[in-house]
Amino acid sequence: MNTFELIAPCHFGLEAVLKREIYDLGYDISQVEDGKVTFIGDAEAIARANINLRTTERILLKVGQFKATTFTELFDQTKELPWEEFIPKNGKFWVTKANSVNSKLFSSSDIQSIVKKAIVDRLKDKYSVNWFDEDGESYPIRVTIMKDMVTLALDTTGVSLHKRGYRPVAGKAPISETLAAALIMLTPWKKDRILVDPFCGSGTFAIEAAMMAANIAPGVERNFQAEKWTNFIDKSLWKDAREEARDLEELDVETEIQAYDIDEEVIKKARINAKRAGVDHLIHFQNRGVEELSHHKKYGFIITNPPYGERLEDKETLPKIYSDFGRQAALLDTWSVYMITSYEDAQKYYGKKADKNRKIYNGMLKTYFYSYIGPKPPKKTDKQL
């Protein structure tokens, strides 16, 4: 079976998490760059990666890469690529997105039209036709130009992978599913340790953690663009990948995940989301404020996304929210706390400087992932085991 270079984009600063995921799935990585990881895989890998990877936004199949500083070079080198190996005679294709950074070619609309024209010219020659009806399946194309290096790829995913399908309605300032999963993976949390999110909103952290605990593949219940590409990806590969994922599920896993929010309506939505994800039986939701944060057990984890103060009227409440959070967290002196926020005074009002501070771009929003690392629990004795 043919192998391809597959590109997995991710949030800047979280490449190492995605790299580990890809290795765990069994594939070799060819390159790691800012915001993306490239790996080697066959048609089966396209299905397995889309269904199983938690921290990437999509899976792109790289058709070619070259340097271009003029539109003539862009056209000629795009035309040289073997598009007929991927796009059938009746295939519908278009350049869905073109990004350019620090490059001589920067007009997205011009890049899109020139790449499209070059592919049309190539396929006209290969299929000996003068016109394409484009009434078949869709083959969206993405173009990235970074420092004059052009990468052309087919989008195998379609709707972004953060759309798991369980969150049709999000609460205020939702964190994306892929980012939440990546942040959880940055921590040492495992399913046998307590996890609490006291600002749970639509429940994303809790739901992603519960899916990890039960080993539920994030894409097992949704569809992907490349499922329709039967010209070079057999439909049976998707069926086999889903069966493999479902065989690995542990829906009766024992885990303790709790999610709180002061907004009762938000909690109702979070419960619905958890039910749609199939993990409502693994999460305890409760309507309560952060000032009531407490737990009788030791060595737990708090992973959360406190309010940022996006609206002017909300900013006045932030000092108290973070002060209450810091005071209650301090009482849980054996616990580890991880929070993502763009609030510049978060540490000041939380009352403690973080052990680690990682800058992460959440879209265009610059945020910080603060880590307050607690002690490790004592190892169990033979008698306790």
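Residues numbered from 1 in each chain as written. Predicted model: local features only at pLDDT ≥ 70, side-chain atom pairs only at ≥ 80, totals over all residues. Heavy atoms only, no water.

(A) Local environment of the sheet that holds strand β1 (residues 3–9). Spatially, 7 strands are ordered β2-β3-β1-β4-β7-β6-β5 in an open sheet, and the strand pairing comes out mixed. Whereas interior strands pair on both sides, the edge strands pair on one side only; in this sheet they are β2 (28–33) and β5 (92–101). On average, each strand axis in the sheet is inclined to that of its neighbour by 30°, with strand direction left out of account. Contacting β1, β3 (36–42) and β4 (60–67), helix α2 (residues 43–52) runs over the sheet at an angle of about 135° to β3. In the packing of helix α3 (residues 71–79) onto the sheet, the strands contacted are β4 and β7 (149–155), and the crossing angle to β4 comes to about 130°. (Pairing = 2+ DSSP bridges. Helix = DSSP H or I, 4+ residues; strand = E, 2+ residues; numbered from the N terminus. Axes fitted to C-alpha atoms, helices over the stretch in contact; angles between N-to-C directions. Contact = heavy atoms within 4.5 Å.)

(B) Layout of unusual backbone geometry. Positive phi, normally seen in glycine, also occurs at K147, with a value near 50°. Here K147 is to be found in the loop between β6 (138–146) and β7.

(C) Focus on the pairing of strand β13 (residues 356–362). Pairing between β13 and strand β14 (residues 365–372): 7 bridges, direction antiparallel. Residue pairing across strands places R358 opposite F369, the latter belonging to β14. What sits between the antiparallel neighbours β13 and β14 is a turn of 2 residues, in which G363 has the positive phi angle 70°.

(D) Fine view of the packing of α2 against helix α7 (residues 235–247). Viewed as axis vectors pointing N to C, α2 and α7 meet at an angle of 45°, and their least axial separation amounts to 9 Å. Viewed along their axes, α2 and α7 adopt a mutual orientation that is oblique. Crossing hand, α2 versus α7: right-handed. Across the interface between the two elements, A43, E44, I46, A47, R48, N50, I51 and N52 of α2 pack against L237, W238, A241, R242, E244 and A245 of α7. Looking at side-chain class alone, the contact of α2 with α7 contains 8 nonpolar, 2 polar and 4 charged residues. (Parallel < 35°, antiparallel > 145°, perpendicular 65-115°, else oblique. Left-handed = near helix turned anticlockwise from the far one by under 90°. Nonpolar A, V, L, I, M, F, W, Y, C, P; charged D, E, K, R; others polar.)

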